[in-house]
Amino acid sequence: MNRLDKFRESFLWYSFKRDKVAIASLIVLMVLFLAAIFAPLIAPYNPYDPEMIDIMNSEIPPAWEEEGVAEFLLGTDSQGRDMLSTMIYGMRISIIIGLGAVALQAILGVLIGLFAGYHGGRLDAFFMRAADVQLSFSYLMVAIFMSAILQAVVGVAKFGEIAIPFLVLVIGLSQWPQYARTVRASVLAERKKEYVEAARVAGFTSSRIILDQIFPNTLSPILVLSTIQVANAVMSEAALSFLGLGMPIDRPSLGSLINSGFELIFSGAWWITALPGLLLVILVLSINMLGDFLRDVFNPKLYKG
Amino acid sequence: MIAFMIRRLFQALIVIFIISVIGFAIKQSVGDPVRELTGISVSEEERDEFREKLGLNDPWFVQYGRFFGDAIQGDLGTSFFYKRPATEVILEKAPATLELVLVSSLIILFFSVPLGVFSAIKPDSLFSRALMGSSIVGVSIPVFLTAIMMVYLFSIKLGWLPSFGRGELVMLGGWGTGLLTVDGWLHILMPSIALSSIMLPLFIRLIRSEMMEVLESEYIKYAWAKGLSHRRVWFVHAFKNTLLPVITVGGVQLGVTIAFTILTETVFQWQGLGFMFMEAVERSDAPLLVAYLMFVGIVMVGVNTIVDLIYGLVNPTIRIAGVK
């Protein structure tokens, strides 16, 4: 039986077919991801190309409003960039940072969780206390502090150049405890099982037991957690950019677009804030819905809070 | 219990020590105090002299020792911008943030408990399902977006509520409170609702899932078998045990709430600690940044330690499990 058939007969596929909300969220998410990947092909304008931006076109409302023009379907922002294109590119940045940050925190958290959980002792106690403390400060707080300090150290202009890798690092480092705790909890449960003992008797090295034997059995909680964490990372990025600690305005993410529009909302230009905001909510919501569905299917015990 | 308390307090001290080291490191790397204090029109020799006088040429551990000694006495340096002790600025701004957190905690408490309990005892009712559905939408909307949309709707379109500031304040000693005037309440309404909007769905879901778990337990079945009234089983037997995990999570969520005050205060230009922090970041005001970090760190460690101690008091198993 090949893998596809195996997947078709799995409980995951069975429940997925019957869950309309999950199907809808996956479709929405696919559309958004495809739009982000193929942004240069889909977007009507290139928001990074100064040639295509005319300041005279600034703050044009969406096409359906009275003063809108058909040229700019969703209107333009304060610098005269087409909103639709800027939003697609912005979402691309938000998704890149979100996925990058989750990859980083997953690698860190899973390795720490696996090795600390399997070996126990001082190392384990140290990392778990560190995780506790960091969680008590909340990941957003840690991320805000880290970016605020780095921005103060390197200066705003230089910060703009390294913003993407930096945000990946900050959000990744601020959220590893969730992974470490979840993985550690399942390692503690797996460690006592007979197959681990058998592997130990067979003389496997401990890193081989951890990576080859135990790790595959911790995958389903990791999968569930990862979905929620992508949503969290995207939200954190938006919050940091909104505070001016994230993406600069010449390469805006959804958060920095919302921030740039906020100053103009008092003059009635609601679309610069509301439209990227709506896109952000749709993106995060569909990821969260999918995460909820996966959690119901796998039902792992995730760390609360 | 005493061993547990001592261990917990010792941990808290270590964490505060680490925070102070981080704070010191920031102070060393952000901004140049000599330039901030003297301006540009001072000669190189005078600066060197000044640097020597301030003790900036001492080895770092001597400087750290001085920093820590001052910090213990409540002296966290002088803000570059305000030209006043950072502690003083913090204490002046703290009431605004505390009031915001207080009002939004009350909102969370008043709504999450009845809604969470209701959706746990009647999980299949239409209302509960609508509530669960809307709660996942609720956690997916960023706080600052909720806040901005509220400003747009209630301040700009309808003109009902003020969009920024704290309104009329009444001074009670050193505490400027907005909770004693109608104007103050009008100003705090939107920020506190915005702040509670992300936490409320979380708490409703938490209370619901805890309560449902408790309702499945043996002693509740026994209570039913005894023929106790619905109300008694739900509110006296089940609800009491639901509260325990809610307290701990509540303690953890305080950190999240403080992080979100930064966002909320930025939107509403609420003159509290979060707004001050963002201003300090923009101005590279290192002493104030460090003072904020230390203040928040100590408050957070304090609250978490107290929550843990309370939890240890009400739930003895945690004490025993903690012993190695």
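### A short note on the overall build of chain A
Phase 1: When helices and strands are tallied, chain A shows 14 helices and zero strands.
Phase 2: C-alpha atoms of chain A, sized along the principal axes, occupy 75 × 50 × 30 Å.
Phase 3: When each of the 305 residues of chain A is scored for burial, the buried share is 47%.
Phase 4: Restricting to contacts in chain A with at least 6 residues of sequence separation, those with at least 24 account for 71%.

### A closer look at the interface of chain B and chain A
Phase 1: Taken residue by residue, the interface counts 33 residues in chain B and 35 residues in chain A.
Phase 2: Among the secondary structure elements, those contributing two or more residues to the side of chain B that touches chain A are α1 (2-29), α6 (126-140), α7 (143-157), α10 (230-268), α11 (273-282) and α12 (286-314) of chain B.
Phase 3: Considering every element that reaches the side of chain B that touches chain A, the biggest residue donor is α10(B), with ten residues.

### Brief notes about helix α9 (residues 218-225) of chain B
The periodicity of an α-helix, 3.6 residues per turn, causes residues three or four positions apart to be oriented the same way.
Phase 1: Counting buried positions over the eight residues of α9(B) gives zero, only a small fraction of the element.
Phase 2: In the stretch just after α9(B), Gly227(B) is the one whose phi turns positive, near 85°.

### A short note on the nonpolar core
Phase 1: With 154 residues, the main nonpolar core has Ile144(A), Ala239(A), Phe144(B), Ala147(B), Leu263(B), Leu289(B) and Tyr292(B) as its most contacted residues.
Phase 2: The biggest single contributor to this core is helix α5 (residues 83-119) of chain A, with 17 residues.
Phase 3: Those residues in contact with Ala239(A) that lie beyond four places of it in its chain are Leu140(A), Gly255(A), Pro142(B), Phe144(B) and Leu263(B).

### Thoughts on the packing of helix α3 (residues 20-37) of chain A against α5(A)
Residues and elements named next belong to chain A.
Phase 1: Their axes nearest at 8 Å, the elements α3 and α5 cross at an angle of 100°. Classified by the angle between their axes, α3 and α5 sit roughly perpendicular to one another. Counting all contacts with α3, which are made through Leu32, Phe33, Ala35 and Ala36, the residues of α5 involved are Ile88, Met91, Arg92 and Ile95.

### Overview of the confidence of the model for chain B
Phase 1: Scored by pLDDT, chain B comes out at a mean of 79, with 89% of its residues at no less than 70.
Phase 2: The complex model carries a pTM of 0.83, and its ipTM stands at 0.79.

### A few points about the environment of Leu29(A)
All names here are of chain A.
Phase 1: Mapped onto the fold, Leu29 is located in helix α3.
Phase 2: Classification of Leu29 by C-beta neighbours within 10 Å gives partly exposed; the count is 19.
Phase 3: When neighbours within four sequence positions are excluded, Leu29 is seen to be in contact with Ser286, Ile287 and Leu290.

Rules and cut-offs
- Positions within a chain are numbered from 1, following the residues in the order the chain's sequence is written.
- Ligands are numbered from 1 and chains lettered from A, in the order in which they are written.
- The predicted origin of the model limits local features to residues at a pLDDT of at least 70 and limits the giving and counting of side-chain atom pairs to 80 or more, whereas totals for whole chains, interfaces and linings rest on all residues.
- Here a strand is any run of E in DSSP of at least two residues, a helix any run of H or I of at least four, and the numbering for each starts at the N terminus.
- Note on burial: count the other C-beta atoms lying within 10 Å of the residue's C-beta; 20 or more is buried, 12 or fewer is exposed, in between is partly exposed, and C-beta positions come from the backbone.
- In this description, any two residues whose backbone-derived C-beta atoms lie within 7 Å of each other are considered to be in contact.
- Each nonpolar core comprises buried Ala, Val, Leu, Ile, Met, Phe, Trp, Tyr and Cys residues, the members being joined through C-beta atoms within 7 Å.
- Angles here are taken between N-to-C directions and fall from 0 to 180 degrees, while the axes themselves are lines fitted to C-alpha atoms, restricted in helices to the stretch in contact.
- Angular relationships are summarised with four words: roughly parallel below 35 degrees, roughly antiparallel beyond 145, roughly perpendicular across 65 to 115, and oblique for the angles in between.
- A score from 0 to 100, pLDDT tells how confident the predictor is in each residue.

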